[in-house]
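# Reading the structure
Below are the chains, spelled out letter by letter.
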Amino acid sequence: MAEKTRKQINRKMVCIICGILAVIVVLTSLIFAFSKKENSTVLQATKSTVNAINLENNEHMHVEEDASGEKVPVPNGYVGSSVTGENEIDTGYVIYEGEEAVTDSNVADAQKNRNQYVWVPVPDISKFYGTDANGKKWGKNYSFSSSTSSSYDEITGTKPYNWSESDGVMTISSKTSYREPDIVKSYDYDSTLKTRGLGAKTTHEFLNQLEKEFNNMIVSVEKYGGFYIGRYETGNINQETPVVQKGNTNISSQTWYNMYKRCKNIKGDNTNVETGMIWGNQWDRTLMWLIETGSKTKEQIADDSTSWGNYNNATFEYVNSSGSTATKNEGSSTRIPTGSAEYTKANNIYDLVGNVRDWTMEASSTYYRVCRGGSYFNYGYDYPAGYRYSYYPTYSGSNYGCRSALYIK
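Residues numbered from 1 in each chain as written. Predicted model: local features only at pLDDT ≥ 70, side-chain atom pairs only at ≥ 80, totals over all residues. Heavy atoms only, no water.

## Regarding the pairing of strand β11 (residues 169-172)
On β11, burial follows the alternation: Met170 and Ile172 on one face are buried, whereas Val169 and Thr171 on the facing-out side are not. Pairing geometry for strand β10 (residues 163-166) and β11, over four bridges, is antiparallel. When the sheet's bridge partners are listed, Ser164 is paired in β11 with Thr171. Where β10 folds back on β11, the antiparallel hairpin that results is connected by two residues, among which Asp167 adopts a positive phi of roughly 55°. (Buried < 20%, exposed > 50% of the residue type's maximum accessible area, 1.4 Å probe, protein only. Helix = DSSP H or I, 4+ residues; strand = E, 2+ residues; numbered from the N terminus. Pairing = 2+ DSSP bridges.)

In structure tokens form, the structure reads like this:
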């Protein structure tokens, strides 16, 4: 009798456990479905807003369609990729410099020899920049977190970093914290600017120059609904005209000043575009877009980016400078050629995290410029994609490079 009772109890327990597991499976499915629906809703809103812009061919650009039929503004002198996996906005729409079409048959050569950029849509320009009481435009920069706190945006895990806004007027909380566009007074002073070859020769001139460059970029983003980010970290960086091409190893050991002025030359003779070092608000918008498209999670952006970047504690296969497949071992500090590992790709952008730290235009304190994305070199902590790291703009090191951006005139 006791044995029968025990069997009945065991059967009941099994039924209860199975029931609990079934509930967990259902709840997990619902959460996944809700998350997927949430991202889908965000993407649809993004498309609707960008498509509300009346894109028509002009003297600087022509309109192309991605694989899903969405319109993309492509600058004249560039072509949209026809390669499967490179021709849809939601997964990274790639453009190549030059007139020849890029197809499955010539893509390998094009990636190594033609500059490439990826389209980043900006559906809500009010989240991209603001204007202060004096009429100056400032970039809206963000901090990233995986927190579920109501102070962070539920979808992207972001909140304003060093700024606030009331009745359409933006206020920078601290003029010595993170901000753009601005000078760093301890380095951008008259006597040094005269020798840097930046164009401006005084602090006042340099500030005006930075503000003009930022404002022009904003005008383009408003007009076309987005901007282009360099597909790879900037290569041939010790030359006057760098490149944004696959397999480059000349990606570091230059000062911020050298990188700033040389990134402008990437456009070459093309008068339809401007190229330059990426702004902080462009970097932040790119990260938000990765989350919105479901390419990366808030945790992969804010907490730990090791799963998609060349960090000291990551391991993956890549193509080395000799063209051979190699293994980057965990616990090793190995700088890899640009775009040499699929492990480091997110929406067709390579090495946005890890490899070399990417300098940006953002200022910090009166001493520093801001770099993003962490590096291959082990400093005891692998800084994730959303983290800001500040350093002297005169510094040059093997793990400091930069990311360029492009906008249409």
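## Examining the pattern of salt bridges
One pass over the full model with this rule turns up 15 salt bridges. Put simply, Arg369 and Asp188 hold a salt bridge, and the shortest N to O gap is 3.1 Å. With Arg369 in strand β19 (residues 368-372) and Asp188 in the loop between β11 and α3 (190-196), this pair connects stretches of sequence that are 181 residues apart. A relative accessible area of 0% places Asp188 in the buried class. (Salt bridge = Lys/Arg side-chain N within 4 Å of Asp/Glu carboxyl O.)

## Section: the sheet that holds strand β5 (residues 116-121)
Hydrogen bonding along the main chain pairs the strands of a sheet, whether they run parallel or antiparallel. Across the sheet, which stays open at both edges, the six strands sit in the order β3-β4-β5-β12-β22-β13 with antiparallel pairing between neighbours. The open sheet has two edge strands with one neighbour each: β3 (78-80) and β13 (273-277). Strand-to-strand, the axes of this sheet are offset by a mean angle of 30°, without reference to chain direction. Bridge count for β3 against strand β4 (residues 94-97) is three bridges, and the pairing is antiparallel. In the strand pairing of β4, Val79 is matched with Tyr96. Where helix α5 (residues 256-263) meets the sheet, its contacts fall on β13 and β22 (404-408), and the angle it forms with β13 comes to roughly 170°. (Axes fitted to C-alpha atoms, helices over the stretch in contact; angles between N-to-C directions. Contact = heavy atoms within 4.5 Å.)

## So, the sheet that holds β19
Taken together, four strands build an open sheet; the order of strands is β20-β19-β18-β21 and the sheet is mixed. The strands lining the two open edges of the sheet, one partner per strand, are β20 (388-391) and β21 (400-402). Averaged over neighbouring strand pairs, the angle between their axes works out to 50° when direction is ignored. Sheet topology places strand β18 (residues 357-364) next to β19; four bridges connect them, and they run antiparallel. Residue pairing in the sheet places Trp359 in a bridge with Cys371 of β19. Each of β18, β19 and β21 touches α5; the most contacted strand, β18, lies at about 95° to it.

## Some remarks on the environment of Met259
Note that Met259 resides in helix α5. With a relative accessible area of 0%, Met259 lands in the buried category. Separated by 17 residues in the primary sequence, Met259 and Gly276 have C-alpha atoms spaced 8.9 Å apart. If we skip the residues at most four places from it in the chain, Met259 touches Ile237, Ser252, Gln254, Met277, Trp359, Tyr400, Gly401 and Cys402.

## Some words on the environment of Leu198
Following the sequence through the fold, Leu198 ends up in the loop between α3 and α4 (203-224). The contact partners of Leu198, leaving out residues within four places of it in the chain, are Leu193, Phe206, Gln209, Tyr257, Tyr260, Lys261 and Lys264.

## Thoughts on unusual backbone geometry
Following Glu180, the chain continues to Pro181 via a peptide bond in cis, the omega torsion being -5°. Here Pro181 shows up in the loop between β11 and α3. In this structure, Asp167 is a non-glycine residue whose phi angle is positive, near 55°. Looking at where Asp167 falls in the secondary structure, it is placed in the loop between β10 and β11. A positive phi is found at Asn347, a non-glycine position, where the angle reads about 50°.

All quantities given are derived from atomic positions and should not be read as evidence of function.
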